[in-house]
Amino acid sequence: DAKNKEVSWKVTDASGNTTNLASINEKGLLIVISGPSGVGKGTIRKALFQRTGHNLDFSVSMTTRMPREGEIDGKDYFFVTKEEFEQEIKNDNLLEHAKFVNNYYGTPKNKVLEKLEEGKEVVLEIEVQGALQVKAKMSDAVFIFIAPPSWKALEHRLTNRGTETSDIIIERLT
């Protein structure tokens, strides 16, 4: 079954040249999965991590929003106060950050750099604004943008998720 297949990090370009992404450099590879909220970034990331034979490490983001049902501090997010987050920004401790729907989201820089130095392939699952910040700082990363089939489908996904009010859904879609 798909869960037990080994992951192949080989890509072939239009000329037929094959590159093994896992051996591009001695350090780990930063892989950024990005797209609008509700597009399926988390579903894709979870599917990647269910496979065997990979050297992936998930970078846990930091946020000031309240945990959703079932989310675990330190596993799904690092849940912090607004004051703590603003101190992390001031101390330049974040690889990227954004304020979205009145909450901060960001990636702790030291944790990503440590894992890359260990040779791990680090996966970020972040919004588009954050991915653009990462691209400006770490242009050698691999960026994967996930697009919804349509804005209507995205609205449907966000509504059915049942985690946000209609006002927040409208804000996420604009």
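Conventions we followed
Residues numbered from 1 in each chain as written. Predicted model: local features only at pLDDT ≥ 70, side-chain atom pairs only at ≥ 80, totals over all residues. Heavy atoms only, no water. Pairing = 2+ DSSP bridges. Helix = DSSP H or I, 4+ residues; strand = E, 2+ residues; numbered from the N terminus. Axes fitted to C-alpha atoms, helices over the stretch in contact; angles between N-to-C directions. Contact = heavy atoms within 4.5 Å. Buried < 20%, exposed > 50% of the residue type's maximum accessible area, 1.4 Å probe, protein only.

**Q** Lay out the sheet that holds strand β9 (residues 121–126) in plain terms, naming residues and giving numbers.
**A** Spatial ordering of the open sheet is given by β4-β9-β3-β10, a layout of 4 strands whose pairing is parallel. Looking at strand neighbours, the two that pair on one side only are β4 (56–58) and β10 (142–145), the edges of this open sheet. Neighbour-to-neighbour, the strand axes of this sheet turn through a mean angle of 25 degrees, independent of strand direction. Looking at chain direction, β4 and β9 are connected through 3 bridges and run parallel. Looking at the pairing, Phe-58 lines up with Val-123 of β9. Contacts between helix α1 (residues 41–50) and the sheet are confined to β3 (30–34), β4 and β9, with β9 contributing the most and set at about 160 degrees to the helix.

**Q** Give a detailed account of the side chain of Asp-57, specifying residues and quantitative values.
**A** By secondary structure assignment, the location of Asp-57 is in strand β4. Excluding residues that lie within four positions of it along the chain, Asp-57 makes contacts with Phe-49, Lys-115, Lys-120, Glu-121, Val-122 and Val-123.

**Q** So what's going on with unusual backbone geometry? Residues and values would help.
**A** For Asp-92, which is not glycine, the phi dihedral falls at a positive 55 degrees. Secondary-structure assignment places Asp-92 in the loop between α2 (82–90) and β7 (94–100). Taking relative accessible area as the criterion, Asp-92 reaches 46% and is therefore assigned partly exposed. With a phi angle near 60 degrees, Asn-102 is a residue other than glycine that sits in the positive phi range. Within the secondary structure layout, Asn-102 lies in the loop between β7 and β8 (103–108).

**Q** Quick one: what's the story with the pairing of β9, residue by residue and with numbers?
**A** Counting buried positions over the 6 residues of β9 gives 5, a clear majority of the element. Alignment of β3 against β9, held across 5 bridges, turns out to be parallel. Following the sheet pairing, Val-32 is matched in β9 by Leu-124.

**Q** A description of the pairing of β3 should follow, citing residues and the corresponding values.
**A** Residues in a regular strand point their side chains to alternate faces of the sheet. Across the 5 residues of β3, 5 count as buried, placing the element largely inside the fold. Alternating residues of β3 divide into Leu-30, Val-32 and Ser-34 and Ile-31 and Ile-33, and every residue in both groups is buried. Where β3 lies against β10, 4 bridges are found, and the strand directions are parallel. When the sheet's bridge partners are listed, Ser-34 is paired in β10 with Phe-145.

**Q** I'd like a rundown of the environment of Glu-26, residues and numbers included.
**A** Counting through the fold element by element, Glu-26 comes out in the loop between β2 (18–20) and β3. Here the alpha-carbon distance between Glu-26 and Glu-117, two residues 91 residues apart in the chain, equals 8.5 Å.

**Q** With reference to specific residues and values, describe the sheet that holds strand β5 (residues 61–63).
**A** A sheet is described by the order of its strands in space; here 4 strands give the open sequence β6-β5-β8-β7, paired in mixed fashion. Among the strands making up the open sheet, the edge pair consists of β6 (77–79) and β7. Looking at each pair of strands side by side, their axes are set apart by 25 degrees on average, direction ignored. Pairing of β7 with β8 involves 6 bridges; the strand directions are antiparallel. Bridge pairing links Phe-100 to Asn-103 in β8. The sheet strands contacting helix α3 (residues 109–117) are β6, β7 and β8, and the helix crosses β8 at an angle near 25 degrees.

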